[in-house]
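Coordinate inspection notes
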Amino acid sequence: MNKAENRIAKTGALFLAASLVFFTVAGNVFAQGNVSENLCGPSYDKWRAVGKLAAETALDLIEVRDRTRSNLEKSIVVLSNAGYANVNEESTEAALDGLAEKTGTSRGRKTLVEIHSAPWTPLWFSAYDKGSGRCSYLQVDASEAAKVADGGSKVSPSLFGVKASERIDAEYLFQHPDEYKTKFESKIFGGNEFRIVTIANAVAAGAPACAVRAFEFHDHYCPGVTSGILMAEYLRKHFAPGKGKYFVHSVQPWCKEDALLALLNATPGKRSYAVSYPTDEEKKTIAEKAQDACTVVYRQKEGPEQWEGVVLAFVRVETQCPKTGNVVVDKLCADMWYLKNMDKPENFVKVVKSFELPEGVSPQDWTRPGKDPLAMLGLLE
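Described below are features of the structure shown in this document. Every value quoted in this text rests on a predicted model; they were computed, and no experiment measured them.

Reading the values: rules and limits
Residues numbered from 1 in each chain as written. Predicted model: local features only at pLDDT ≥ 70, side-chain atom pairs only at ≥ 80, totals over all residues. Heavy atoms only, no water. Helix = DSSP H or I, 4+ residues; strand = E, 2+ residues; numbered from the N terminus. Buried < 20%, exposed > 50% of the residue type's maximum accessible area, 1.4 Å probe, protein only. Phe/Tyr/Trp six-rings, centres within 6.5 Å; stacked < 30°, edge-to-face > 60°. Salt bridge = Lys/Arg side-chain N within 4 Å of Asp/Glu carboxyl O. Pairing = 2+ DSSP bridges. Arc of directions from axis to C-beta. Contact = heavy atoms within 4.5 Å.

1. Notes on unusual backbone geometry
The phi torsion at Lys110 lies on the positive side, around 60°, for a residue other than glycine. In this fold, Lys110 is placed in the loop between helix 5 (95-103) and strand 4 (112-114). Since its relative accessible area comes to 27%, Lys110 is described here as partly exposed. Its identity as a non-glycine residue notwithstanding, Asp219 has a phi of 80°, on the positive side.

2. Here's the deal with the packing of aromatic side chains
For the coordinates displayed, the defined rule picks out 13 aromatic pairs. Arranged with centres 5.5 Å apart and planes meeting at 55°, the rings of Tyr338 and Phe348 form a pair that is tilted. A residue pair is termed long-range when its members are at least 10 positions apart, and Tyr338 in helix 14 (residues 327-340) and Phe348 in the loop between helix 14 and strand 12 (349-356) qualify at ten residues. Under the relative-accessibility criterion, Tyr338 is labelled buried at 5%. Phe348 sits in the buried class, given a relative accessible area of 2%. Through a chain of ring-to-ring contacts, three or more aromatic side chains come together here, namely Phe247, Tyr298, Phe355 and Trp366.

3. Notes on the pattern of salt bridges
Tallied over the entire structure, the rule returns 24 salt bridges. In this structure, Lys183 engages Glu179 in a salt bridge whose closest nitrogen and oxygen atoms are separated by 3.2 Å. Residue Lys183 and its partner Glu179 are located together in helix 8 (residues 177-185), separated by four residues, close to a single helical turn. For Glu179, a relative accessible area of 36% gives the class partly exposed.

4. A look at the pairing of strand 1 (residues 76-80)
Burial of strand 1 is extensive: five of the five residues sit out of reach of the surface. With burial as the criterion, each face of strand 1 is covered, one bearing Ile76, Val78 and Ser80 and the other bearing Val77 and Leu79. Pairing analysis gives five bridges linking strand 1 to strand 5 (residues 124-129), with the strands arranged antiparallel. Looking at strand 5, one finds that Val77 is bridged to Tyr128. As judged from the three bridges shared by strand 1 and strand 4, these two strands associate in the parallel manner. Paired with Val78 across the strands is Leu112, a residue of strand 4.

5. Remarks on helix 8
All of the buried residues in helix 8 are Pro177, Tyr180 and Phe184. End-on, the buried residues of helix 8 take up no more than an arc of 65°, which puts them together on one face. Facing away from the buried side of helix 8 by more than 90 degrees, the exposed set consists of Asp178, Thr182 and Glu185. For helix 8, the elements touching its buried residues are strand 7 (160-167), helix 7 (170-175), helix 9 (193-204) and helix 14. Within two residues after helix 8, Lys187 carries a phi angle of roughly 60°, on the positive side.

Quick look at the structure:
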């Protein structure tokens, strides 16, 4: 055997040995269970059982008697941060399946709403009855959750350290702002009062799917995130993406950013979203005609490597909502007003200036340190 043949033989032997090791390890993994179970722990049945118990307990609290599938599908909205919140280092996503199974709620009907949260926040569940306006709240006690077996046995109502039930439909809250100011300040829903009240009422009123996506990501519904939803709708209708994507540069950031991130799929990770935080002194230099300018949006033109853009302003209008001193109720009133006008983005979003970038210049070039698109567009005094 010559040297070349000898090297080939040794390489083949090494490859065969490595392959045997790989398939032995893989065989052991699959013999123990599927890959996801070994990566995440055998907790699916446990958290599915928790979700089912949460659904049953939540429906009991708001006294839902007709639990036929057809009635539940029409009347119940469920909100939870399951899947985002971890409990004792375990994923809780399977609880969503238990909730859907017992309540008939679903993503497609926009009645199973997944609220964004940090993984270290408490796991909670809420059920809202559109007919009665009653809403229940359950919060999981992590120490009790540790007692539940992996298969879901030993799951009991003691799992929920916080339980509450209140009427929260918008019309009722508008009539009782003082009473509910005290209740909300006492954190009857574990500090989640604003997110639950606003999102539950918006979904019950028929919020469009795009709005629900924005609420979920932002973790509550406020007039600030509404401005981003309206901007996204305006762009879709009047400034559709050229080659399939936008580049967004927020020059006056607020809650709208979360809606734009969720609805335009433009993100910093994809090098298509930038944010500048102007100082109060810098804001004073903005020209009168551009006072409301807040977001620069670019799209790529067909043909040569060139971009065009628009400077957008959001025009705030008077909603006629009374000021009751109850922040949750006052913002809810504005939310519901905007919801009725969400199909009219032209009433709120205005183009301050349209422009084109020089050929070969990208939006990233206008977001470098020391660059200000408003200055380059002659929109500063």
